[in-house]
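Observations on the three-dimensional arrangement
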Amino acid sequence: MKNNGITYLILTSNLLVIITILVYFNTNFPLIFYLTFFGQCLLIYSVYRILTDNYKTERTFDDWYEDRSHKNEEN
């Protein structure tokens with residue numbers, strides 16, 4: 001399975017929710033600290049993966065929005 005940047009971003013978001021739940025239930029500080037540190041490293045890596053992803057498209061800014069093409073607009 002190819003892990004692209006969005007997969008890492010979803011994993012980072014899930015980790016944030018888990019940390020929030022653990023803080024609510026007064027989990028010990030070292031666990032929260034190390035999970036937060038790991039989450040920050042994972043966020044930086046996610047942003048790196050998204051920015052360096054090998055994604056190609058034929059669309060340009062002249063194509064307007066994905067759901068409605070500006071070229072095919074009828075008045």
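Topic: the side chain of Thr12
Inspection of the secondary structure assignment puts Thr12 in helix H1 (residues 5-24). If we skip the residues at most four places from it in the chain, Thr12 touches Gly39, Leu42, Leu43 and Ser46.

Comments concerning the side chain of Ser46
Within the secondary structure, Ser46 is located in helix H2 (residues 29-51). According to the relative accessible area criterion, Ser46 is buried, its value standing at 0%. Within the local environment of Ser46, its side chain forms a polar contact with the backbone oxygen of Tyr8, the two atoms lying 3.3 Å apart. Once residues within four sequence positions are removed from consideration, Ser46 is found in contact with Tyr8, Leu9 and Thr12.

Calculation notes
Residues numbered from 1 in each chain as written. Predicted model: local features only at pLDDT ≥ 70, side-chain atom pairs only at ≥ 80, totals over all residues. Heavy atoms only, no water. Helix = DSSP H or I, 4+ residues; strand = E, 2+ residues; numbered from the N terminus. Contact = heavy atoms within 4.5 Å. Buried < 20%, exposed > 50% of the residue type's maximum accessible area, 1.4 Å probe, protein only. Polar contact = N/O pair within 3.5 Å; in protein donor to acceptor, adjacent residues only side chain to side chain.

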